[in-house]
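Chain and residue survey
So the chains spell out like this:
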Amino acid sequence: MLDGNKPHSSTLENNRVRDIKTALNRDTQLSALRQGGFDLLIVGGGATGCGIALDAISRGLKVALIEKDDFASGTSSRSTKLLHGGVRYLERAVLDLDRGQYALVKEALQEREILLRLAPHLARYLPLLTPLYHRAEVPYYYAGLKMYDWLAGDDDAPPSRYVSAKEALEHCPMLQPNHLRGGVVYYDGQFDDARMNLSILLRATELGTVAANYVGVTSLEMQNGRITGAQVQDTLAGSRFSISAKIVINATGPHADSLRQMADPKIAHLLKASSGAHIVLDRRFSAPEMGLLIPKTEDGRVLFLLPWLGHTLVGTTDNPSKVVSNPEASQEDIAYILRQLQKYFSIQVSSQDVLAKWSGLRPLVQSAAAVSTAKLSREHVVEVLPSGLLTIAGGKWTTYRRMSIDAMDEAIQAANLKPTGPSRTHEIFLAGGAAYSLQLPDELHATYGRDLYTCRYLARAYGDRAARVLDIADKEVKGVLVEGHPYLEAEVLYAARFEAACRSMDVVARRLRLSFLDSRATNKALPRVQALLGKELGWNADEKQADSAQSRASGFAIT
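Now for a look at the structure at hand.

Rules behind the numbers
Residues numbered from 1 in each chain as written. Predicted model: local features only at pLDDT ≥ 70, side-chain atom pairs only at ≥ 80, totals over all residues. Heavy atoms only, no water. Helix = DSSP H or I, 4+ residues; strand = E, 2+ residues; numbered from the N terminus. Rg over C-alpha atoms; globule rule 2.2 N^0.38 Å. Buried < 20%, exposed > 50% of the residue type's maximum accessible area, 1.4 Å probe, protein only. Areas by Shrake-Rupley, 256 points an atom, 1.4 Å probe, with all protein chains shown as cover. Lys, Arg positive; Asp, Glu negative; His and termini not counted. Charge placed at Lys NZ, Arg CZ, Asp CG, Glu CD. Phe/Tyr/Trp six-rings, centres within 6.5 Å; stacked < 30°, edge-to-face > 60°. Arc of directions from axis to C-beta. Pairing = 2+ DSSP bridges. Disulfide = S-S within 2.5 Å. Polar contact = N/O pair within 3.5 Å; in protein donor to acceptor, adjacent residues only side chain to side chain. Contact = heavy atoms within 4.5 Å.

The subject of this paragraph is the overall build of the protein. Looking only at helices and strands, the protein has 18 helices and 18 strands in total. Taking 559 residues into account, the globule formula puts the C-alpha radius of gyration at 24 Å, and the protein, at 23 Å, falls close to it. Dimensions of the protein, computed from C-alpha atoms along their principal axes, come out at roughly 65 × 60 × 45 Å. Evaluated residue by residue, the protein yields a buried proportion of 60% over its 559 residues. As presented, the protein carries roughly 22100 Å² of accessible surface, and 51% of it is formed by carbon and sulfur atoms. Each charge class in the protein can be summarised by its mean position, and for the 65 positive and 62 negative side chains these summaries are 1 Å apart.

Structure follows, in structure tokens:
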């Protein structure tokens, strides 16, 4: 049995994980990468790449992972923060008699249950209200969401239920009351995507995976027509070196075609990109413990309005897009989202209420028959080129674990790898989850004397590692980063020491989630983050300048 697979006592001492081996130290990881001789080299540090690393290391293989930017810096940190089967996909499965969509929804709901169990600190069930304004919609959506319950099987989600117009307004008083006929409340999973991505990676490295961020592929190494590894560059230091492996796995999301064309310059593109924009509003625009699913927008899509980390998250759009590193939400995207809200809200909401905005790219598998990216499938594909490059593409966050298993099963055959056993990721708690309990915030509060609001935040973000952060806060830096948010200065040091944060945006966007919540607060916090991180990592003047340039180019409207 792998260490940490079973939950144990929720006492604070068990929640304090102090072993320095659990620290993700970049210098140590780089040194190990240079030694080579891996069974597999994974390119891409998003959810799928890190999921493959955890799956492979749990099968007893020797695993390396590199990411050209920061872990979860792309699509995997820019989702709608839902672990879901896809209500829209279920509707399409029924209307189009599409067995593929039906199977996709069922599989995703099964994966939802597994992730809620393995990362209890980062994921939870969230009720969502679908407001209905026409009588004919009531039986239609009620029946559809009951089918959604049925597909989920015997999980812990409460059943869907009809609510009257009065009860709908009690839950969500901002709704437009005129002609409201009632609604249906159903349940899906909500999570912190970037923190979960990191938790997958941390668990993989604790079990032996070698991983480093800011390491990009410059070329693929070939011998007798087969790929034997890659030439890579440490983009922070500028040094180049080689990593040898029996198989290279391309898990770069929307950028997958770039690596495929390194292996074969004439190969046709596998993917089409779609952009999904989101905005964040103040918490007053959402119910504290209930989200909204707006079932029909002006172009036939759905829109989610969700309480998230003390704010209101709204999204998303679905538009064809070029593949870029730092996509931004356009003014047209923001205007579109606000128009949909205004149709369903009885209160005014405008661009002045937008605290933050961002956009993420979806890697969609090409389909000649599709007429828009909204109709392209989120199902994934595994491709092995004659050179041996394996690409995993498509899919969605909720099914990253299933995608990882499929990729590894194919890699084992393609490279004749010798695993010690089958996949076991269905039983491996993600980092921070094994000893997490609902009592942890109270235990932290009693031991450290910090306010309960901060302790609840830390317990949710770090799970059974939260005491580490408070130890640093007690002994080194005690302050908060910015007024109105729970983030501590100690988290900057923790991110550098234990979570491989190399730049200020690694901290404020992905280790913390400030950039996804409040652009103005991010601007205020950045100088202090840079000072703390620069001192911890020993930056010179050029490194400080490079850090500032990366912040400006991040796509989070930071000035």
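What describes a pair of aromatic rings is the distance from one ring centre to the other and the angle between the planes of the rings. Counted according to the given criterion, the structure contains nine aromatic pairs. Considering the side-chain rings of Tyr 457 and Tyr 487, the 5.1 Å spacing of their centres and the 85 degrees angle between planes classify their relative orientation as edge-to-face. With Tyr 457 in helix α13 (residues 452-462) and Tyr 487 in the loop between α14 (466-475) and α15 (489-498), this pair connects stretches of sequence that are 30 residues apart. Of the two residues examined, Tyr 457 and Tyr 487, each falls in the buried class. Ring geometry for Tyr 494 and Phe 498: centres 4.8 Å apart, planes at 25 degrees, overall stacked. Of the two residues, Tyr 494 and Phe 498 both sit in helix α15, four residues apart, roughly one turn of that helix. Grouping residues by exposure puts Tyr 494 and Phe 498 together as buried. Joined through ring pairs, the aromatic side chains of Phe 191, Trp 397 and Tyr 400 make up one cluster.

Right, let's talk about unusual backbone geometry for a bit. Residue Thr 316 follows Gly 315 across a cis peptide bond; omega there is 15 degrees. Within the fold, Thr 316 resides in the loop between β14 (311-315) and β15 (319-321). We note that Asn 224 has phi near 55 degrees; this positive angle belongs to a residue other than glycine. Residue class for Asn 224 comes out exposed when judged on its relative accessible area of 77%. In this structure, Ala 500 is a non-glycine residue whose phi angle is positive, near 60 degrees.

Moving on to helix α12 (residues 440-448). Of the positions making up α12, those classed as buried are Leu 440, Pro 441, Glu 443, Leu 444 and Tyr 448. Viewed along the axis of α12, the buried residues span an arc of 160 degrees, placing them on a single side of the element. Backbone geometry just after α12 places Gly 449 at a positive phi near 75 degrees.

Pairing of strand β8 (residues 215-223) with strand β9 (residues 226-234), which is carried by eight bridges, proceeds in the antiparallel orientation. Bridged to Val 217 within β9 is Val 232. The turn linking β8 back onto β9 is made up of two residues, and Asn 224 within it adopts a positive phi angle of 55 degrees. Sheet topology places β9 next to strand β10 (residues 240-250); five bridges connect them, and they run antiparallel. Each bridged residue has a counterpart across the sheet, and for Ala 230 the counterpart in β10 is Ile 243.

Summed over the entire model, instances satisfying the criterion amount to zero disulfides. Unpaired in terms of disulfides, Cys 50 finds its nearest cysteine sulfur in Cys 502, a separation of 14 Å. Under the relative-accessibility criterion, Cys 50 is labelled buried at 0%. Overall, Cys 502 belongs to the buried group, its relative accessible area being 7%.

On to the side chain of Asp 506. Mapped onto the elements of the fold, Asp 506 is located in helix α16 (residues 504-511). Engagement of the side chain of Asp 506 in a polar contact is seen with the backbone nitrogen of Arg 503, the distance being 2.9 Å. A polar contact of 3.0 Å, which involves the side chain of Asp 506, links it to the side chain of Arg 510. Discounting residues that sit within four places of it in the chain, Asp 506 has contacts with Asp 70, Tyr 214, Ala 501, Arg 511 and Gln 550.

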